[in-house]
Amino acid sequence: MILRSPVQYCRHCGSAVEYRLPDDGDTRVRAVCPACHTIHYENPLNVVGTIPVLPDGRVLLCKRNIQPRLGKWTLPAGFMELNETTSQGAARETDEEAGAQFEIGPLFSLLNVPLIGQVHMYYRAALLSDQFKPGFETMEARLFTEDEIPWDELAFRTVKETLQHYFADRQRGHFELHLIDLA
Ligand SMILES: [Zn+2]
């Protein structure tokens, strides 16, 4: 995941914005339009995805065909869209990136990444088939046993943390929700 570039132009009138404290008593620096006085609030983005697993225990990972982290492996995940729930977004991303057939399960991990203003959520998902039709964002969709997971070739720390907790929970035979704050 990458930092968003700052707001440059006013969404209403197109003037260049200034980053300053607004005049309304707000204590945070915001993008303020000097022409029409619109304040552009910037808030964290949600990234939603799944941990798709076959009954034999193999986990589906996708090799990224896009930046950032081109060529690295990830769980299927992406930015939540407007007008969908977190689980709908996770399912949509799994369909788009892997073309997998699956049933979505319970929320497994919620990871705060305050340094880049993101919250990541991963749902468990039960794969119904070992056949995939990856979309353009994915070079390859592949199943991995726990021993085969390419730990040094994973795209994101949130994916690594989620997979580590997933295998630990599976080993002890009990899954729970993991709330993780990444510094
Ligand atoms: Zn403006």
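Attention here is on the structure that accompanies the text. All values derive from a computational prediction rather than experimental measurement.

Cut-offs used in this document
Residues numbered from 1 in each chain as written. Predicted model: local features only at pLDDT ≥ 70, side-chain atom pairs only at ≥ 80, totals over all residues. Heavy atoms only, no water. Helix = DSSP H or I, 4+ residues; strand = E, 2+ residues; numbered from the N terminus. Buried < 20%, exposed > 50% of the residue type's maximum accessible area, 1.4 Å probe, protein only. Contact = heavy atoms within 4.5 Å. Areas by Shrake-Rupley, 256 points an atom, 1.4 Å probe, with all protein chains shown as cover. Phe/Tyr/Trp six-rings, centres within 6.5 Å; stacked < 30°, edge-to-face > 60°. Lys NZ or Arg CZ within 6 Å of the ring centre and 35° of its normal. Pairing = 2+ DSSP bridges. Donors = N, O, S within 2.8 Å, 3.2 Å for Na, K, Ca; no water. Tetrahedral: all angles 85-135°; square planar, octahedral: opposite > 155°, others 65-115°.

### Here's the deal with the overall build of the protein chain
At step 1: Tallying secondary structure elements over the protein chain gives 2 helices and 11 strands in all.
At step 2: Of the regular secondary structure in the protein chain, the N- to C-terminal order runs β-β-β-β-β-β-β-α-β-β-β-α-β.
At step 3: If one aligns the C-alpha atoms of the protein chain with their principal axes, the spans along those axes are about 60 × 35 × 30 Å.
At step 4: Burial statistics for the protein chain: of 183 residues in total, 43% are counted as buried.
At step 5: Relative to all contacts within the protein chain whose residues are 6 or more apart in sequence, the contacts with residues 24 or more apart total 60%.
At step 6: Accessible surface for the protein chain amounts to roughly 10,200 Å². Of this, 51% is attributable to carbon and sulfur atoms.

### What to know about the packing of aromatic side chains
At step 1: Inspection of every chain in the model, using the stated rule, returns 6 aromatic pairs.
At step 2: Geometrically, the ring pair formed by Phe108 and Phe175 is edge-to-face, given 6.2 Å between the ring centres and 75° between the ring planes. Taken together, the positions of Phe108 in strand β8 (residues 102-113) and Phe175 in the loop between α2 (157-172) and β11 (178-181) put the pair 67 residues apart, joining distant regions of the chain.
At step 3: Measuring from ring centre to ring centre gives 5.5 Å for Tyr166 and Phe167, while their planes differ by 75°; the resulting arrangement is edge-to-face.
At step 4: A residue is classified by how much of its surface remains accessible, and Tyr166, at 5% relative accessible area, is buried.
At step 5: Members of the aromatic cluster, connected to one another through ring pairs, are Phe108, Trp151, Tyr166, Phe167 and Phe175.
At step 6: Arg124 extends its terminal NZ or CZ atom over the ring of Phe175, reaching a point 3.9 Å from the ring centre.
At step 7: One Lys or Arg, Arg142, reaches over the ring of Phe144 and ends 4.0 Å from the middle of that ring.

### Side note on the sheet that holds strand β1 (residues 18-20)
At step 1: Spatial ordering of the open sheet is given by β1-β2-β3, a layout of 3 strands whose pairing is antiparallel. Both edges of this open sheet fall to β1 and β3 (39-40), since each of them pairs with a single strand only.

### A look at the coordination of the zinc ion
Six octahedrally arranged donors around a metal ideally form angles of 90 or 180 degrees; four tetrahedrally arranged donors ideally form angles of 109.5 degrees.
At step 1: The protein atoms donating to the zinc ion are Cys10 (SG), Cys13 (SG), Cys33 (SG) and Cys36 (SG), with metal-donor distances spanning 2.2 to 2.4 Å.
At step 2: Bound by 4 donor atoms, the zinc ion shows angles of 101 to 120° at the metal and therefore tetrahedral coordination geometry.
At step 3: By relative accessible area, which is 5% here, Cys10 ends up buried.
At step 4: Note on Cys13: relative accessible area 40%, which makes it partly exposed.

### A short note on the pairing of strand β9 (residues 118-127)
At step 1: The buried count for β9 comes to 8 of 10 residues, which makes it a mostly enclosed element.
At step 2: With 9 bridges joining them, β8 and β9 adopt antiparallel strand pairing. Bridge pairing links Val113 to Gln118 in β9.
At step 3: In this antiparallel pair of consecutive strands, β8 and β9, the connection spans 4 residues, and Gly117 shows a positive phi of 65°.

### What to know about the environment of Phe108
At step 1: A relative accessible area of 1% places Phe108 in the buried class.
At step 2: When near neighbours in sequence (up to four residues on either side) are disregarded, Phe108 contacts Ile51, Tyr122, Tyr123, Arg124, Thr162, His165, Tyr166, Asp169, Phe175, Glu176, Leu177 and His178.

### Observations concerning unusual backbone geometry
At step 1: Here the bond from Gln67 into Pro68 is cis, since omega is -5°, no more than 30 degrees from zero.
At step 2: Mapped onto the elements, Pro68 comes out in the loop between β5 (59-64) and β6 (73-74).
At step 3: Of note in the backbone geometry, His37 takes a positive phi value of approximately 70° without being a glycine.
At step 4: Inspection of the secondary structure puts His37 in the loop between β2 (30-32) and β3.
At step 5: What makes His37 exposed here is its relative accessible area of 56%.
At step 6: Unusually for a residue other than glycine, Arg69 sits at a positive phi of about 65°.
At step 7: For Arg69, the location among the structural elements is in the loop between β5 and β6.
At step 8: On the basis of relative accessibility, which here comes to 39%, the residue Arg69 falls in the partly exposed class.

Purely geometric stuff here, so don't read any function into it on its own.
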